[in-house]
Each structure stands twice: as C-alpha cells, then as structure tokens.
Amino acid sequence: MQTNNATNFDEYIVAFPAEVQEKLIELRTAIREEAPMAEETISYMIPTFKYNGALVHFAAYKKHIGFYPAPSGIAVYEEELKPYKYAKGSVQFPLNKPLPIELIKRIVRFRVKENEAKSK
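In this report, we go over the structure that sits alongside the text. Note that this is a predicted model, so its numbers are computed, not measured.

### Thoughts on the overall build of the chain
At step 1: Each helix and strand in the chain was counted, giving 4 helices and 6 strands.
At step 2: Seen through its principal axes, the chain has C-alpha atoms that stretch 40 × 30 × 20 Å.
At step 3: Split into buried and exposed, the 120 residues of the chain put 45% on the buried side.
At step 4: Summarising the internal contacts of the chain: among those between residues at least 6 apart in sequence, 52% fall at separations of at least 24.
At step 5: Summed over its atoms, the accessible surface of the chain is roughly 6,500 Å², and 53% of this surface lies on carbon and sulfur atoms.
At step 6: Side chains of the chain give 17 positive and 15 negative charges; the mean places of these two sets differ by 6 Å.

### Here's the deal with the sheet that holds strand E3 (residues 54–60)
At step 1: As summarised here, the arrangement of the 6 strands in space is E1-E2-E3-E4-E6-E5, forming an open sheet in which the pairing is antiparallel. The two strands at the open ends of the sheet, each matched to only one other strand, are strand E1 (39–43) and strand E5 (85–86).
At step 2: Note: E5 against strand E6 (residues 91–94), 2 bridges, orientation antiparallel. Paired with Lys 85 across the two strands is Gln 92, which belongs to E6.
At step 3: In the packing of helix H2 (residues 18–34) onto the sheet, the strands contacted are E1, strand E2 (46–50), E3 and strand E4 (64–68), and the crossing angle to E3 comes to about 170°.
At step 4: Packing against the sheet, helix H4 (residues 101–119) makes contact with E3, E4 and E6, and its axis sits at approximately 145° to E3.

### Section: the environment of His 57
At step 1: Relative to the helices and strands, His 57 resides in strand E3.
At step 2: C-alpha of His 57 to C-alpha of Glu 40: the two residues are 17 residues apart in sequence and 9.7 Å apart in space.
At step 3: Those residues within four positions of His 57 in sequence are excluded, and the remaining contacts are Tyr 44, Ile 46, Pro 47, Thr 48, Gly 66, Phe 67 and Tyr 68.

### Quick notes on H2
At step 1: Taking 1.5 Å as the rise per residue, H2 with 17 residues should run 24 Å; its terminal C-alpha atoms sit 25 Å apart, in good agreement.
At step 2: Restricting attention to buried positions, one finds in H2 the residues Val 20, Lys 23, Leu 24, Leu 27, Arg 28, Ala 30, Ile 31 and Glu 34. Looking straight down H2, one finds its buried side chains confined to an arc of 160°; they lie on one side.

### Points about the side chain of His 57
At step 1: Classification of His 57 by relative accessible area gives buried; the value is 14%.
At step 2: Within the structure, His 57 has its side chain in polar contact with the side chain of Thr 48 (distance 2.6 Å).

Conventions we followed
- Residues numbered from 1 in each chain as written.
- Predicted model: local features only at pLDDT ≥ 70, side-chain atom pairs only at ≥ 80, totals over all residues.
- Heavy atoms only, no water.
- Helix = DSSP H or I, 4+ residues; strand = E, 2+ residues; numbered from the N terminus.
- Buried < 20%, exposed > 50% of the residue type's maximum accessible area, 1.4 Å probe, protein only.
- Contact = heavy atoms within 4.5 Å.
- Areas by Shrake-Rupley, 256 points an atom, 1.4 Å probe, with all protein chains shown as cover.
- Lys, Arg positive; Asp, Glu negative; His and termini not counted.
- Charge placed at Lys NZ, Arg CZ, Asp CG, Glu CD.
- Pairing = 2+ DSSP bridges.
- Axes fitted to C-alpha atoms, helices over the stretch in contact; angles between N-to-C directions.
- Expected span 1.5 Å × (residues − 1).
- Arc of directions from axis to C-beta.
- Polar contact = N/O pair within 3.5 Å; in protein donor to acceptor, adjacent residues only side chain to side chain.

And the structure:
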C-alpha cells in the first residue's frame, strides 16, 4: 500500500493509478449498493464503512485490493474465497483479475445483518 494521508474516500482513491482507481470505485459502489446506510470514513489509514460498528474496510496495494470483512465474513464464504489468498479477516483480490462483485455484495449483506443483530 502506498502511504496515503487521505481524509476521505475520494482522496484515497485518486492517489492511485487510473486502473486501480477503477477497481476501487467498483468496490466502493458495490458496498454502497448493499449498505447505503453505512458511513464512509478513514480508519487505520484505509477506507472503512461503518454501520453499527465497523462493517468492512478495503485498501489498495501494489498487486491486489485488500478486502477486510471481519473474520466472520471470511468464514461464511470460505469455500467461495478459495481461489484467492485469504486469512482470518482479510482477502486479496489480484489487480490483474476482475473483482468478484457478486461475492463481495453477498459478504457485505451478511456483515450488515450481523452488525444489525449485534446492535439489538
């Protein structure tokens, strides 16, 4: 990840090359579609969606987009995430391949429901 002192999503995204910006915008749009009520903020120097707590984060790196849906968001979709490098709470989507937008949307929907349940 390049050092990025962005204070909002737009500043974060424009700091990257055009082809990376396209993927970041696509990812942001997909998350926004599934969580329109979520607040956009910068946490840990990366874009973060908050809704009843942290929902998901993402970040751009030299060769991939990091997506951070919490350990639960990875565990539930582990089988579908097998083509990607992933760990307890993160997954790497290579920059040289299309983003799995439908999978990302399902993970975000899961996280929205999870955070709603926790807030009750």
